[in-house]
Amino acid sequence: FEHTPIQYNTLLIFLGIIAALTKNKIHDNLCAFIGTYLLWTGAFHLIYPAGLFSQVIGRNIQTMVSYGAMVVIGVFVWVAGEIKPDLKTIWKAFPIFFTIYGFSLTINLVPHLLGWDFQFENFLDVCPICTVGENAPTIEFILVAVAYCVVYTLLALAIVLLAFGI
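Bear in mind that the values here come from a model prediction, so they are computed numbers and not experimental data.

Description of the packing of aromatic side chains
Working step 1: What the rule picks out here adds up to 11 aromatic pairs.
Working step 2: Judged by centre distance (6.4 Å) and plane angle (45°), the rings of Phe94 and Phe97 are tilted. Within this pair, Phe94 and its partner Phe97 are both found in helix α4 (residues 88-114), separated by three residues, close to a single helical turn.
Working step 3: What makes Phe94 partly exposed here is its relative accessible area of 24%.
Working step 4: Their ring planes at 15° and their centres at 5.9 Å tell us that Phe97 and Tyr152 sit as a pair that is stacked. Taken together, the residues span a long stretch of sequence, with Phe97 in helix α4 and Tyr152 in helix α5 (residues 138-163) at a distance of 55 residues.
Working step 5: Its relative accessible area of 6% is what places Tyr152 among the buried residues.
Working step 6: Cluster of aromatic residues (ring-pair linked, three or more members): Phe33, Tyr37, Trp40, Phe44, Tyr48, Phe94, Phe97, Phe98, Tyr101, Tyr148 and Tyr152.

Structure, rendered in structure tokens:
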């Protein structure tokens, strides 16, 4: 086990399909997540792609196309009126983010606590300011994880606030 598909650049594929197939609260929440959390993440990685590239050119192309699609579709859900520029949008998006992020942290923290010698790739792995050393105490990992969640949510909120100006 080296990787899990819970990476930002693949979330749009899975969540976009679910959003397209539903027309209820799940659809609204997924569109809010795509138009906030994924929109800013895609824009950030297009502007600052450090750590995303490998020696495999096909993977590099797929990665940048995926992040570009996050921006395009994130803007589209705003322009199409799927989400509104109000503070309820962030409250709709947060449960999706928290569920995915919590699952990602759990599948990394549990093996660590059990003393297993492997780690899945997760959100913290692609964030250079959120690096926690291999031998870091669990409490440090938890504090960084909480800070990461807060910062991501504030940046998603910034997208909503920017939409007020559209």
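Picking up after the structure, the text goes on.
Considerations on the nonpolar core
Working step 1: Core analysis: the biggest nonpolar cluster contains 35 residues, and Tyr8, Phe33, Tyr37, Leu38, Trp78 and Phe97 have the highest contact counts within it.
Working step 2: Counting only elements with at least two residues in this core, the list comes to α1 (8-21), α2 (25-47), α3 (57-79), α4 and α5.
Working step 3: Looking at which element gives the most residues to this core, the answer is α2, with nine residues.
Working step 4: With sequence-adjacent residues up to four places away left out, Trp78 is seen in contact with Gly35, Thr36, Leu39, Ile83, Lys84, Pro85, Thr89, Ile159, Val160 and Ala163.

Reading guide: rules and limits
Residues numbered from 1 in each chain as written. Predicted model: local features only at pLDDT ≥ 70, side-chain atom pairs only at ≥ 80, totals over all residues. Heavy atoms only, no water. Phe/Tyr/Trp six-rings, centres within 6.5 Å; stacked < 30°, edge-to-face > 60°. Helix = DSSP H or I, 4+ residues; strand = E, 2+ residues; numbered from the N terminus. Buried < 20%, exposed > 50% of the residue type's maximum accessible area, 1.4 Å probe, protein only. Core = buried A, V, L, I, M, F, W, Y, C linked by side-chain atoms within 4.5 Å. Contact = heavy atoms within 4.5 Å.

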